Amino acid sequence: MLCFPEMTSLFPLYWLGMPAIMKGWLERVFTQGFAYTLQNIYDNGLFKNKKALLSLTTGGSSTMYSPQGINGDINVMLWPLQNGILHFCGFQVLSPQIFWSPEGSSNKARTKMIELWKARLENISQEDPIHFVPTAMFDMSAKGGFQLKKEVQKSNTNEHYGLSVGQHLGKGIPPNNQYRSEK
């Protein structure tokens, strides 16, 4: 992991999250001192010069993982992994590669998925990361509670959406916040 500019994690979405074996691996590898320190988190994380990408399969269609879908918004499901683990350690998180219901897809559709994935990997180093609220917008002290600065909250008063999935400020979650980069 230390030798490569990008890290890709491939897994099936189980019970709307990562498989237990992957969670166990992350807990054993992404330890304090190796993956983060109390001084080096988020934008200043130890992996700030590396990119990370989740590649996952689902058992259902993309509509099932929409804000109106029965499984709920995929952006909410991705937040703990992409922000709480990868971005916390400093990674520049790329838009995830999601293969929607490959088991229920035709051979032709699965072949197309693989071709698109292969094409994406050829240019992965050129991709822009997804957006996270910069740590400069937070009071990063125990006294300040590691909360959004008052001026940031005030400047977002008239916005329709919050800043991100996690910092929604009681407003709507920005569409595709954890699914697509801003470009």
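The text that follows walks through the structure, step by step, so that each part is easy to find. Since we're looking at a predicted model, the values are computed, not measured.

Here is what the cut-offs are and how they apply
- Sequence order as written defines the numbering, with residues in each chain counted from 1.
- Per-residue local features of the predicted model are confined to residues with pLDDT of at least 70, and side-chain atom pairs are confined, for both listing and counting, to 80 or more; whole-chain, interface and lining totals are unaffected and use all residues.
- Excluded from the side-chain calculation are hydrogens and water; included are all heavy atoms of the structure.
- Per the convention used, a helix needs a DSSP run of H or I reaching at least four residues, while a strand needs a run of E reaching at least two, with both numbered from the N terminus.
- We compute the radius of gyration over the C-alpha atoms and compare it with the globule rule, which gives 2.2 Å times the number of residues raised to the power 0.38.
- Only protein chains enter the accessibility calculation, which uses a 1.4 Å probe. A residue is then buried if its area is under 20% of the maximum for its type, exposed if over 50%, and partly exposed in between.
- By definition, residues are in contact when any of their heavy atoms lie within 4.5 Å.
- We get accessible surface area from the Shrake-Rupley algorithm with a probe of 1.4 Å; when it comes to residues, only the shown protein chains can shield them.
- Joining through side-chain atoms within 4.5 Å is the link that ties buried Ala, Val, Leu, Ile, Met, Phe, Trp, Tyr and Cys residues into a set, and such a set is a nonpolar core.
- Every case where a carboxyl oxygen of Asp or Glu lies within 4 Å of a side-chain nitrogen of Lys or Arg is listed as a salt bridge.
- In this scheme, a helix's expected span is set at 1.5 Å multiplied by one less than its residue total.
- Think of it as the arc spanned by the lines of direction from the helix axis to the C-beta atoms.

### Overview of the overall build of the chain
Logical step 1: A count of helices and strands for the chain gives four helices and four strands.
Logical step 2: For the chain, the sequential pattern of α-helices and β-strands runs β-α-β-α-β-β-α-α.
Logical step 3: Taken against the 2.2 N^0.38 rule, which gives 16 Å for 183 residues, the C-alpha radius of gyration of the chain at 17 Å falls within 12% of a compact globule.
Logical step 4: Counting only C-alpha atoms, the chain reaches 55 × 40 × 30 Å along its principal axes.
Logical step 5: Relative to its full complement of 183 residues, the chain shows a buried share of 42%.
Logical step 6: Across the chain, every contact between residues at least 6 apart in sequence was considered, and the portion connecting residues at least 24 apart equals 65%.
Logical step 7: As presented, the chain carries roughly 11000 Å² of accessible surface, and 56% of it is formed by carbon and sulfur atoms.

### A few points about the nonpolar core
Logical step 1: Among the nonpolar cores identified, the biggest contains 30 residues, and Phe30, Ile74, Leu86 and Phe91 are the most heavily contacted of them.
Logical step 2: Elements with a minimum of two residues in this core: β1 (6-12), α1 (20-29), β2 (51-57) and α2 (74-87).
Logical step 3: Examining the composition of this core, we find that six residues originate from one element, α2, more than from any other.
Logical step 4: In terms of nonpolar packing, the next biggest core, distinct from the first, is built from six residues, Leu94, Phe99, Met113 and Ile124 among them.

### Description of the pattern of salt bridges
Logical step 1: Going through the model one piece at a time under the given rule, you end up with two salt bridges.
Logical step 2: Between Glu27 and Lys23 there is a salt bridge whose closest N-O contact spans 2.2 Å. Placement of the pair is Glu27 and Lys23 together in helix α1, with a separation of four residues, close to one helical turn.
Logical step 3: Given the relative accessible area of 40%, Lys23 is considered partly exposed.
Logical step 4: Residues Glu127 and Arg120 are paired through a salt bridge, measuring 2.7 Å at the closest nitrogen-oxygen approach.
Logical step 5: You can call Arg120 buried: its relative accessible area is 13%.

### A short note on helix α3 (residues 107-122)
Logical step 1: Helix length check: α3, at 16 residues, gives a terminal C-alpha distance of 23 Å against a target of 22 Å (1.5 Å per residue), a fit within 8%.
Logical step 2: Residues of α3 that are buried include every one of Met113, Trp117 and Arg120, and no others. For α3, the angular spread of the buried residues around the axis is 65°, confining them to a single face. Opposite the buried face of α3, by more than 90 degrees, sit the exposed residues Asn107, Lys108, Ile114, Lys118 and Glu122.
Logical step 3: Buried residues along α3 sit against β1, β2 and β4 (97-99).

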